[in-house]
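One-letter residues, chain by chain:
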Amino acid sequence: MEKPAFENVPLFAFATAMEFSAVFPKASAEYPDAVNKLIPIDEFPGGAYACVLDVGALDFSVGLTSILLECRQTNIAISAVVNVGICGAYPNRCLNLLDVVRVDEDLQGDYGCEEQDGSFSSWAKARHAASPKQAPESIRNIVSNLKSVRGATVNCCTGTECTSILRSQKLDCDVESMEGIACFAVCEKFQIPAFQIRAVSNFATSRDKSQWKSREALEKLRATILA
């Protein structure tokens, strides 16, 4: 059996190739077809692995499960999984564009039912990240120094002020993504510490992509991961 490139290192899990290439451009150039593959990352101090799993909780959870099973079958020890990407922040939650945050609790943001009067009844369930004290040494300073926030994982991104207010107030959440809770749930089953690091690229309210700062947020994300 071929010896693993690294032993007992973190796995950085991305939803998109755009996020992966921005944070680890060297590895992205070496592995242009990175979807659902385990990629060694030698530009991270001490070494790491990365994977690109696709957008949305369903594809992300299936992909991450497959990767972690592969690691288990090939005796590759993963010290922690870190879901890395950009996110939208709900207004009036004391967050600014380009803030880099640590999501410690994530909810199923649009899980529930619509009532006859048009109101939404939430069935949101929460999953939690590991404590920063449980983080392996190679990422402990990274996660420990970030602001803790509460996230919502959604299937449909917020596009109106009405939805923004409903989600932020009803769920008491700060940011939204499309994968966070999937990472926490899968890692809980595998008994691997999980963390979520996100950079705020836009405000999750009336959808105006001309105001988004995706490139700048990804630059901040890279600087944080490789600090």
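Colleague: Is there a simple way to explain the overall build of the chain in this structure?
Modeller: When its secondary structure is counted, the chain shows seven helices and eleven strands. For a compact globule of 227 residues, the expected C-alpha radius of gyration is about 17 Å, and the chain comes in at 17 Å, within 12% of that figure. Here the C-alpha coordinates of the chain stretch approximately 60 × 35 × 35 Å along the principal axes. In the chain, the share of contacts with a sequence separation of at least 24, taken over all contacts with a separation of at least 6, comes to 74%. For the chain, the accessible surface area stands at approximately 11,000 Å², while carbon and sulfur atoms represent 50% of it. Measuring between centres, the 22 positive side-chain charges of the chain sit 4 Å from its 28 negative side-chain charges.

Colleague: Can you walk me through the pairing of strand β9 (residues 147-153) in this structure?
Modeller: Where strand β5 (residues 100-108) and β9 come together, seven bridges link them in parallel fashion. Bridge assignment links R102 to a residue of β9, and that residue is S148. Where β9 and strand β10 (residues 175-177) come together, three bridges link them in parallel fashion. If you follow G151 over to β10, its bridge partner there is V175. For the crossover from β9 across helix α5 (residues 161-171) to β10, the handedness is right-handed.

Colleague: Looking at this model, I keep getting lost on the state of the cysteines. Mind explaining?
Modeller: Cysteine pairs can be linked by a disulfide, which is a covalent bond between their two sulfur atoms. Within this structure, the stated rule accounts for zero disulfides. Free of any disulfide, C87 has its nearest neighbouring cysteine sulfur in C157, separated by 11 Å. With no disulfide partner, C157 has as its closest neighbouring cysteine sulfur the one in C156, 6.8 Å distant. We classify C157 as partly exposed; its relative accessible area is 36%.

Colleague: Would you take a moment to explain the side chain of S28 for this structure?
Modeller: By secondary structure assignment, the location of S28 is in helix α2 (residues 25-30). If we skip the residues at most four places from it in the chain, S28 touches F20 and S21.

Colleague: How should the pattern of salt bridges be read in this particular structure?
Modeller: Opposite charge on two side chains permits pairing when their charged atoms draw close. Counting across every chain of the model gives 14 salt bridges. Residue D110 is joined to R167 by a salt bridge in which the shortest nitrogen-to-oxygen separation is 3.6 Å. Of this pair, D110 sits in the loop between β5 and β6 (112-114) while R167 sits in helix α5, and the two are 57 residues apart along the sequence. With relative accessibility at 9%, the residue R167 sits in the buried group. Several salt bridges converge on common partners, so that one network encompasses K26, E30 and D42.

Colleague: Got a minute to help me understand α5 in this structure?
Modeller: In an α-helix, one full turn covers 3.6 residues, which means residues spaced three or four apart are oriented alike. Those residues of α5 lying buried are S164, R167, S168 and L171. Buried positions in α5, seen along its axis, are confined to an arc of 100° and lie on one side of it. With respect to the buried face of α5, the exposed residues turned more than 90 degrees away are C162 and Q169. Turning to α5, the residues buried within the fold contact β5, β7 (120-122), β9 and β10. Just past α5, the residue D172 takes up positive phi, approximately 55°.

Colleague: What is the right way to read the nonpolar core from this model?
Modeller: Most often, soluble globular proteins keep nonpolar side chains buried together rather than apart. Counting residues in each nonpolar core, the largest one holds 31 residues, and the members touching the most others are F12, F20, F24, I41, F44, I139 and I197. Once residues within four sequence positions are removed from consideration, I197 is found in contact with V82, N83, V84, G85, V100, V101, I142, V143, L146, L221 and I225. Formed by 26 residues, the second largest nonpolar core is a distinct cluster that contains F6, A182, V186 and I192.

Colleague: I would appreciate a short explanation of helix α3 (residues 57-73) in the present structure.
Modeller: Compared with an ideal rise of 1.5 Å per residue, which puts 17 residues at 24 Å, α3 spans 24 Å between its outermost C-alpha atoms and is within 8% of the ideal. All of the buried residues in α3 are F60, S61, G63, L64, I67, L68 and C71. In an axial view of α3, the angular spread of the buried residues amounts to 170°, which keeps them on one side of the axis. In α3, the exposed positions angled more than 90 degrees off the buried face are occupied by L58, V62 and Q73. Where α3 is buried, its residues meet β1 (9-14), β3 (48-52), β4 (78-89) and α6 (180-190). Once α3 finishes, N75 follows within two positions and takes phi at roughly 60°, a positive value.

Parameters at a glance
- Residues numbered from 1 in each chain as written.
- Predicted model: local features only at pLDDT ≥ 70, side-chain atom pairs only at ≥ 80, totals over all residues.
- Heavy atoms only, no water.
- Helix = DSSP H or I, 4+ residues; strand = E, 2+ residues; numbered from the N terminus.
- Rg over C-alpha atoms; globule rule 2.2 N^0.38 Å.
- Contact = heavy atoms within 4.5 Å.
- Areas by Shrake-Rupley, 256 points an atom, 1.4 Å probe, with all protein chains shown as cover.
- Lys, Arg positive; Asp, Glu negative; His and termini not counted.
- Charge placed at Lys NZ, Arg CZ, Asp CG, Glu CD.
- Pairing = 2+ DSSP bridges.
- Right-handed = clockwise from strand over helix to strand, strands pointing away.
- Disulfide = S-S within 2.5 Å.
- Buried < 20%, exposed > 50% of the residue type's maximum accessible area, 1.4 Å probe, protein only.
- Salt bridge = Lys/Arg side-chain N within 4 Å of Asp/Glu carboxyl O.
- Arc of directions from axis to C-beta.
- Core = buried A, V, L, I, M, F, W, Y, C linked by side-chain atoms within 4.5 Å.
- Expected span 1.5 Å × (residues − 1).

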